[in-house]
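Chain by chain, the residues:
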Amino acid sequence: MPVSSNNNQDNRKGKSTQAKTQGNNLSGSLNTQRGQAVRAQRRSQADAQRIADQYVPAESVAVSKPRQVRANLLDDQPRLKIIGLGGMDGGGSKNMIVVEYQQDAIVLDCGNDLGIDLPGINYGIADTTYLEEIKPKLRAYVITHGHLDHIGGLPHIVPKFPAPIYGSRFSIGRVEEIFENFGLPMPEGFELKTVTMNEGTHERLKIGAFYIELVRITHSIPGSTCIVVDTPVGRIINTGDFRLDPNPLNHERSDIERLTELGKEGVLALLSESTTPERPGRTPSESTIEQSFKDIMDNAPGRIFIGLFSTNMNRVQMIINAAVHHNKKVAMDGRSMVSTLEMAVRHGFVRIPKGTFVPIASAATMKDNELVVVCTGSQGEPSSALQRMSNGEHRHVKLKEQDTVILSSTPIPYSGNDGAIRTMVDDLFKKGVHVFRHETREIDGVGPLHVSGHASREEYAEMIAMLKPKFFIPIYGDFTAKRYHIELAVEQGIPRAHTINAENGDIITLTPDKMEAAGEVPHGTILVDQTGAIVSNVVVKDRLLLSEEGLVAIVLTVDKKTGSLLTSPDIISRGFIYMRENEEIMNGLRSEMKRAVAQRFKRVDLDRFKAELKDHVTHYLFEHTQRSPIVIPVINIISVSGKTGSADAKKPGAKGAEPVKTPEQIAAEQQKRFQEMRARLLTQDPRID
């Protein structure tokens, strides 16, 4: 049956409209809606942004709690301000607190956050935007102890905001050590200034409007102290990390007498660390594990490897004592541990009998029953000494059957190290190594191998009872831990209205009779890579997207004059799909690219064409894979035609004249140069088609 002219016109009109639509949006015959691909890509970007936004600088954080600001006027209100720039959102998280009164300010601790699990990120430090505002007021940094979550931010922050650093002899030794080993150069003219204080004599030093005193407290590192700050408003005390060990190995017990005396004199506010207030009872003494090391050394058939924290010099001394008792030699491995040990020996915190130590390079030549190796890696850290031994990559040590490995630690709270430790233990057992862990001590038939450096519930209560503060501010813990700590303070008789569960950036103001929240200052996290360089949050987001979805680069080479492709589109895939197993998808994508160039390249400007191409490739790949990789279009525009020579070219046949090339020869040479350029651009990786 013949088709009417009207139907023919309608069909032609429909085809024209369809072609126009395809030409404008390159949608072709894709079945999924473009909106689905866009939404999927936005979800991927949002997920990456959500993860990256957990660690953002201050300018990215909306300050939701207003604070009073008076332009061109000094803040002369008689209020003490306490502001946590870090440490108020998790244990071991860039601990840093500003104490400010009128025109004077000091910083209590200045740490880093080693628990950040982001691609290429080593740790985070507190954002210092607020320090910019109060830079003229800054008088000192006062350190509770030498763990990196309390001193690791100093090499980044002190050179920008210079002030002397105060601490105990061991803490200052650790500070000087990390500055010496810092990977980046210091600014020109910067000079590190440190002040060593004697925590045993109750020495008091005046810093601006404040008087400070350090009081000895037990923790898992020597030289740990509480910081007492006497201010014009009243006395505040920062406990630092602590446990109330009645029998520490170094016999330097917590100065209970001085703490009790301070409580009788009057404490306005107690800032107490809140790592483990949910743990009942009391933390066992460090001395309880000494016999466990001796027992294992009595029975171990071969070499002994002990993994522990690099700063735990008290435990290192314990192991040295046990090794000497058993006529064994000791080798140390792990750069951070060796560096800390050298400092500890230099300052008299560790005593090593002559002839006890041997270099780790000698481990392979010694008799098995003569050697104890103390090393880093108890947390399964990548590239640590024990981790390299477990996977067979250590330069000097090859583990063998009958070796014994002791993990003298437990996973750091909030760090998520459990999986890494478990994998390392798997590798050790596969090598036939005897492994002893604190968690399995009863199954293994040994005594305790680790005690926490932090208090348990009864000790937290005892600290509150000794100091009798008017106001209570839990610090150095996440919101939940601090909530439990507040409940404990209420049980000790502190009115709930006199407690506050503050977050990073919150301004807490104190007068002799009142504590209140007074807004928020800029705060956030600055991310640092392995070299010590700062990494942008935008870069982290891209890394997350690459790790989840991968990347696809489209390389098109187009003739400038004709607008046609000079060669088949090149497709480079990284972390997306294996191209040789998905040839049908790749061939279809090439066909789409050829159609896109034919339909749109000469009709729109280059930037718009790239944008359309990116959207279309994203749409196409989502339809066929349900994934949205990062798409990068690369367009090389090549001129393959032109004049055969310049106006003053030598005439044919003249002496020294070059033969005139035909247009075909010129085009062939240009094509050859292009192919060479293309070969350089593309690698020989089999994932490239």
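Analysis parameters
- All residue numbers here refer to positions counted from 1 along the written sequence of the relevant chain.
- For a predicted model such as this one, the threshold for reporting local features is a pLDDT of at least 70, and the threshold for listing and counting side-chain atom pairs is 80 or more; totals across whole chains, interfaces and linings nevertheless cover every residue.
- Excluded from the side-chain calculations are hydrogens and water; all other atoms, namely the structure's heavy atoms, are used.
- Helical segments are the DSSP runs of H or I of at least four residues, strand segments are the runs of E of at least two, and each set is numbered from the N terminus.
- We call a residue buried when its accessible area falls under 20% of the maximum for its residue type, exposed when it is over 50%, and partly exposed in between, using a 1.4 Å probe and counting protein chains only.
- It only takes one pair of heavy atoms within 4.5 Å for two residues to be counted as in contact.
- To be clear on the numbers: accessible area is Shrake-Rupley with a 1.4 Å probe, and residue cover counts the displayed protein chains and nothing else.
- All axes are obtained by fitting lines to C-alpha atoms, using only the stretch in contact for helices, and the reported angles, taken between N-to-C directions, cover 0 to 180 degrees.
- Here the angle decides the label: under 35 degrees means roughly parallel, over 145 means roughly antiparallel, 65 to 115 means roughly perpendicular, and every other value means oblique.
- We call a crossing left-handed when the near helix sits turned anticlockwise from the far one by less than a right angle, and right-handed when that turn is clockwise.
- When residues are grouped by polarity, Ala, Val, Leu, Ile, Met, Phe, Trp, Tyr, Cys and Pro land in nonpolar, Asp, Glu, Lys and Arg in charged, and all others, Gly among them, in polar.
- The criterion for strand pairing is that DSSP finds at least two bridges linking the strands in question.
- Salt bridge criterion: a side-chain nitrogen from Lys or Arg within 4 Å of a carboxyl oxygen from Asp or Glu.
- Each pair of aromatic rings taken from Phe, Tyr and Trp, with Trp reduced to its six-membered ring, is defined by centres within 6.5 Å and is described as stacked if the planes are under 30 degrees apart, edge-to-face if over 60, and tilted in the remaining cases.
- A cavity, in this analysis, means grid points on a 1 Å lattice covering only the protein atoms where a 1.4 Å probe fits yet has no way out; a pocket is instead an open set bounded by protein on both sides within 12 Å along at least five of seven lines, and a residue lines either one if it has an atom within 4 Å of a point.
- Grid points are joined across faces, edges and corners, and a volume is the space filled by probe spheres set on the points.
- pLDDT runs from 0 to 100 and stands for how confident the predictor is about each residue.
- Helix span is expected to be 1.5 Å times the residue number reduced by one.

Chemist: What is the right way to read the overall build of the chain from this model?
Modeler: Helix and strand counts for the chain come out as 19 helices and 26 strands. The buried share among the 689 residues of the chain stands at 51%. Look at the contacts in the chain between residues 6 or more apart in sequence, and 74% of them connect residues 24 or more apart. Working note: accessible area of the chain is about 32400 Å², and carbon and sulfur atoms make up 49% of it.

Chemist: Explanation requested: the packing of helix H14 (residues 457–467) against helix H15 (residues 479–491) in the structure shown.
Modeler: A pair of packed helices is captured by two measures, namely the crossing angle of their axes and the spacing between those axes. Two numbers describe how H14 lies on H15: the axes approach to 10 Å, and their chain directions differ by 55 degrees. Compared by their axis directions, H14 and H15 come out oblique. The way H14 lies across H15 gives a crossing that is right-handed. Of the residues in H15, those in contact with Arg 457, Tyr 460, Ala 461 and Ile 464 of H14 are Tyr 484, His 485, Leu 488, Ala 489 and Glu 491. Classifying every residue of the contact of H14 with H15 by side-chain character gives six nonpolar, one polar and two charged.

Chemist: Hey, could you run me through the sheet that holds strand E20 (residues 506–511) in this one?
Modeler: Within a beta sheet, neighbouring strands are joined by backbone hydrogen bonds and run either parallel or antiparallel to one another. Here eight strands make up an open sheet; going across it, the order is E8-E7-E6-E3-E2-E1-E20-E21 and the pairing mixed. Only two strands of the sheet have a single neighbouring strand rather than two, namely strand E8 (194–196) and strand E21 (514–520). For this sheet, the mean angle separating the axes of adjacent strands, direction not counted, is 25 degrees. Bridge count for strand E7 (residues 165–167) against E8 is three bridges, and the pairing is parallel. Paired with Tyr 166 across the two strands is Val 195, which belongs to E8. Along the sheet face, helix H6 (residues 169–181) touches E7 and E8 and points at about 140 degrees away from the line of E7.

Chemist: Sorry if this is basic, but what is going on with the sheet that holds strand E15 (residues 329–333) here?
Modeler: Read across the sheet, five strands follow the order E15-E16-E14-E17-E18 without closing on themselves; strand pairing throughout is parallel. The open sheet has two edge strands with one neighbour each: E15 and strand E18 (434–437). Averaged over all pairs of adjacent strands, the angle between their axes in this sheet comes to 20 degrees, without regard to strand direction. Where strand E14 (residues 304–307) meets strand E17 (residues 404–407), four bridges bridge the pair, whose relative direction is parallel. What sits directly across from Ile 306, in E17, is Ile 406.

Chemist: I'm lost on the pattern of salt bridges in this one. Help?
Modeler: Oppositely charged side chains can form a pair if their charged atoms are brought close together. The final tally for this structure, using the stated rule, is 25 salt bridges. For Asp 230, the salt bridge identified is with Arg 235, shortest N-O distance 2.6 Å. The exposure class of Asp 230 is buried, given its relative accessible area of 13%. When the shortest N-O distance is used, the salt bridge between Arg 483 and Glu 487 registers 3.4 Å. With a gap of four residues between them, Arg 483 and Glu 487 both fall in helix H15, about one helical turn apart.

Chemist: Would you take a moment to explain the packing of aromatic side chains for this structure?
Modeler: To describe a pair of aromatic rings, one takes the distance between the centres and the angle between the planes. Summed over the entire model, instances satisfying the criterion amount to four aromatic pairs. Each ring, one from Phe 179 and one from Phe 190, has its centre 6.3 Å from the other, and the planes form 20 degrees; the classification is stacked. Taken together, the positions of Phe 179 in helix H6 and Phe 190 in the loop between H6 and E8 put the pair 11 residues apart, joining distant regions of the chain. Classification of Phe 179 by relative accessible area gives buried; the value is 10%.

Chemist: Looking at this structure, how should I read the packing of helix H7 (residues 256–265) against H14?
Modeler: One way to put it is that H7 packs onto H14 with a least axis distance of 6 Å and a crossing angle of 50 degrees. With respect to their mutual orientation, H7 and H14 come out oblique. Contact residues: H7 offers Ile 256, Leu 259, Thr 260, Leu 262 and Gly 263, while H14 offers Met 463, Met 466 and Leu 467.

Chemist: So what exactly am I meant to see when it comes to the environment of Leu 192 here?
Modeler: Within the secondary structure, Leu 192 is located in the loop between H6 and E8. The contact partners of Leu 192, leaving out residues within four places of it in the chain, are Ile 165, Glu 176 and Phe 179.

Chemist: Would you take a moment to explain the pairing of strand E10 (residues 210–216) for this structure?
Modeler: Of all the seven residues making up E10, five are buried; the element is thus mostly covered by neighbouring parts of the structure. Counted along the chain from strand E9 (residues 204–207) to the antiparallel partner E10, the turn is two residues long, and its residue Gly 208 has a positive phi close to 60 degrees. When E10 meets strand E11 (residues 225–230), the two strands line up antiparallel, connected through six bridges. Paired with Val 215 across the two strands is Cys 226, which belongs to E11.

Chemist: Looking at this model, I keep getting lost on empty space enclosed by the protein. Mind explaining?
Modeler: Picture a little ball the size of a water molecule; that probe, rolled over the atoms, points out where space is still empty. Scanning the model with the defined rule gives four cavities of 30 Å³ or more in all. In this structure, the second largest cavity encloses a volume near 50 Å³. Ile 82, Ile 83, Gly 84, Met 88, Ile 97, Leu 271, Ile 473, Ile 475, Ala 502, Glu 503, Asp 506 and Ile 508 together form the lining of the second largest cavity. Among the secondary structure elements, those contributing two or more residues to the lining of the second largest cavity are strand E1 (80–86), strand E19 (469–475) and E20. At three residues, E1 tops the list of elements feeding residues into the lining of the second largest cavity.

Chemist: Whenever I open this one, unusual backbone geometry confuses me. Can you help?
Modeler: The general pattern is negative phi for most residues beyond glycine and trans for most peptide bonds. Despite not being glycine, Asp 109 shows a phi value in the positive range, around 70 degrees. Looking at the element boundaries, Asp 109 is found in the loop between strand E3 (104–108) and strand E4 (112–113). Assessed through its relative accessible area of 0%, Asp 109 is described here as buried. In the Ramachandran plot, Asn 327 falls in the positive-phi region, its phi being about 55 degrees despite a non-glycine side chain. With respect to the helices and strands, the residue Asn 327 is situated in the loop between helix H9 (313–325) and E15.

Chemist: Before we go on, may I ask you to explain the pairing of strand E2 (residues 96–101) in this structure?
Modeler: Of all six residues making up E2, six are buried, and the element is well covered by its neighbours. Burial along E2 is two-sided: Met 96, Val 98 and Glu 100 facing one way and Ile 97, Val 99 and Tyr 101 facing the other are all buried. In this sheet, E2 lies alongside E1 in antiparallel orientation, the contact comprising six bridges. Considered in E2, the bridge of Lys 81 is made with Glu 100. The antiparallel pairing of E2 with E3 creates a hairpin that spans two residues between the two strands, and Gln 102 there sits at a positive phi of about 50 degrees.

Chemist: What am I meant to see in the confidence of the model for the chain here?
Modeler: This prediction gives the chain a mean pLDDT of 85; 81% of its residues lie at or above 70. Every residue in residues 1–24 scores below 50 in pLDDT, and together they form 12 contacts with partners more than four places removed in sequence or on other chains. The low-confidence segment residues 68–75 (pLDDT under 50) makes eight contacts with residues lying over four places distant or belonging to another chain.

Chemist: Even after reading the chapter, I still don't get H6, so can you show me in this structure?
Modeler: Each α-helix winds once per 3.6 residues, and so residues spaced three or four apart point in a common direction. Compared with the 18 Å implied by 1.5 Å per residue over 13 residues, the 18 Å span of H6 between its first and last C-alpha is a close match. Three or more residues of H6 are buried, namely Phe 170, Ser 171, Ile 172, Gly 173, Arg 174, Val 175, Glu 177, Ile 178 and Phe 179. Contacts made by the buried residues of H6 are with helix H4 (148–151), helix H5 (154–157), E7, E8, H9 and helix H10 (335–346).

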